[in-house]
Amino acid sequence: MLHGFNIFRFNISLNRHSGSTYDWLIVEDGSEFGLVERITTFLLLLAEGRHICVIAGSLCCQLLLFFIWLSSFQDAVASETVFEQSHVPIMPELAKPPSTGIFGPIEISPAVIPHYPDPDEPFPPMYPTFPTRYEPVLTGQCPVNFSAMSSIIEKTASDCSQPLAALVGNVICCPQFNSLMRIFQGLYSLNNSAKLVLQNSVASDCFTDIISILASRGANSTIATLCSVKSSNLTGGSCPVRDVDTFEKTVNTSRLLEACTAVDPLKECCRPICQPAIMDAALQISGKQLVLDDNENLVGELNHIDTPSDCKGVVFAYLSRKLPSDVVNTAFRILSACKVNKVCPLDFKQPLEVIKACRNVAAPSPSCCSSLNTYIAGIQKQMLITNRQAIICATMFGSLLRKGGVMTNIYELCDVDLKDFSIQGCLLRSLPADVMFDNSTGFSFTCDLSDNIAAPWPSSSSMSSVSLCGPEMSLPALPTSETFKNPALLFEGILRFN
């Protein structure tokens, strides 16, 4: 019993998401305490942070009830005003932004990222997402024990997760999916009479099962279309060598295995060892090497059939048969990284507005920079790219501008950085990377080069001068893990596109 009140506590729920504890104050008509004591007690309870509901039994308390009602009404109006200004769902307090401009690699955990065709609209906040897993329905016609490659399947499903597959398809998802297909072909070879390829009907059934299993693990069900992979990739195509015995009689397998067992990720792209060994083996089993040696006139007759490419698939199947799955998966991913980092995957439309606004500028121009930033904001939303791809993309776009008559380095005038060419300013590593899944944070991947590296302006309108392997061209120093210690620095990048 407090001054003039009986106090009862109840747990009540105002909505389905939260409950609150309230002190119900029953005002007694016959109380010996006056209005001043009662109001004083009421204010003390408020100071303690209690939620208070009052039931009055006398006219002397109506004034008190009026002030309570007025206070709650003002709070409701204030809350409504804040909500209208922010348009942000109720959620836990965000981590504070970093106090310094120096970052190491950052972890971004995107969730469902819908396609927004309007480049002027900012991306909405991103929240962690978690895959829905279920038991797949299989054809029952594929003679392979998929549990033998469960770790590779899980890795592929994570790399090609439903919300991220299109955004990381060029750099992460498709290279890993292609690697999975090659490893599967090698596993099939081990279990089925040393054949390195599948018959068409079996290939179709197995391909359907692979897609079903990946989808049941949370992968995007359209990755076959996204990565331009078909069941025919498992059949060997036009390659004349289709079994292990013939392959080993034709190819120097010792040299091939030695070259591709331990692929150096730092050297393979510029000083390749495994790649030429694979191509040499593919040429040998395709018969094209013999054609080149005996009769150069016959080469043109074979060009309409991409036999060497089909035979490369057979070579990959042989490597997958002979090497452990984790070793060969690493090798295949490095080879894919060498390939994807040689080209810019972004689609550049003719930058007519940028050329018009920037053709004759020699100093910072608001209209030029505005037009340039609008254009880059549009292409930035296409996908995540690597730091090496960003260099090529910046050079390619600069070459388009130079062809249109923009001779001034407008990247420098308008402060355009390499990271501006990738979603949310996240440049992926040029080395193979994977999408990671955590039960508490969902999907995440690592971004590199989060400091401001100026985009290179081309010296001419030609792309022939771009080289990422020569001594004259080196990537900027990448941030190290020692440059950031506070995990809270990651949260701002997780939630919102810029």
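Predicted, not measured: the structure shown is a model, and the values here were computed from it.

Cut-offs and rules
- Residues numbered from 1 in each chain as written.
- Predicted model: local features only at pLDDT ≥ 70, side-chain atom pairs only at ≥ 80, totals over all residues.
- Heavy atoms only, no water.
- Phe/Tyr/Trp six-rings, centres within 6.5 Å; stacked < 30°, edge-to-face > 60°.
- Helix = DSSP H or I, 4+ residues; strand = E, 2+ residues; numbered from the N terminus.
- Lys NZ or Arg CZ within 6 Å of the ring centre and 35° of its normal.
- Salt bridge = Lys/Arg side-chain N within 4 Å of Asp/Glu carboxyl O.
- Buried < 20%, exposed > 50% of the residue type's maximum accessible area, 1.4 Å probe, protein only.

### Focus on the packing of aromatic side chains
In this description, an aromatic ring pair is defined by two values, namely the gap between the centres and the angle between the planes. Counting across every chain of the model gives 8 aromatic pairs. Ring geometry for Y411 against W457: centres 5.1 Å apart, planes inclined by 90 degrees, an arrangement best described as edge-to-face. With Y411 in helix α17 (residues 410-413) and W457 in the loop between β8 (442-448) and α18 (491-495), this residue pair connects regions lying 46 residues apart in the sequence. Members of the aromatic cluster, joined through ring pairs, are F348, Y375, F397, Y411, F421 and W457. Between R182 and the ring centre of F316, over which it is positioned, the NZ or CZ distance is 3.9 Å. For the cation-ring pair, R182 lies above F332, with the distance from its terminal atom to the ring centre recorded as 5.5 Å.

### Examining the pattern of salt bridges
Scanning the entire structure with this criterion turns up 7 salt bridges. Between R217 and E154 there is a salt bridge whose closest N-O contact spans 3.1 Å. In this pair, R217 sits in the loop between α5 (200-216) and α6 (223-226) while E154 sits in helix α3 (residues 150-159), placing the two residues 63 residues apart along the sequence. Judged by its relative accessible area of 32%, E154 is partly exposed. For D159, the salt bridge identified is with R333, shortest N-O distance 3.6 Å. Within this pair, whereas D159 is found in helix α3, its partner R333 is found in helix α13 (residues 325-340), the two being separated by 174 residues in sequence. Taken as a pair, D159 and R333 share a single burial class, namely buried. By sharing partners, the salt bridges in this structure join K155, D159, R333 and D434 into a single network.

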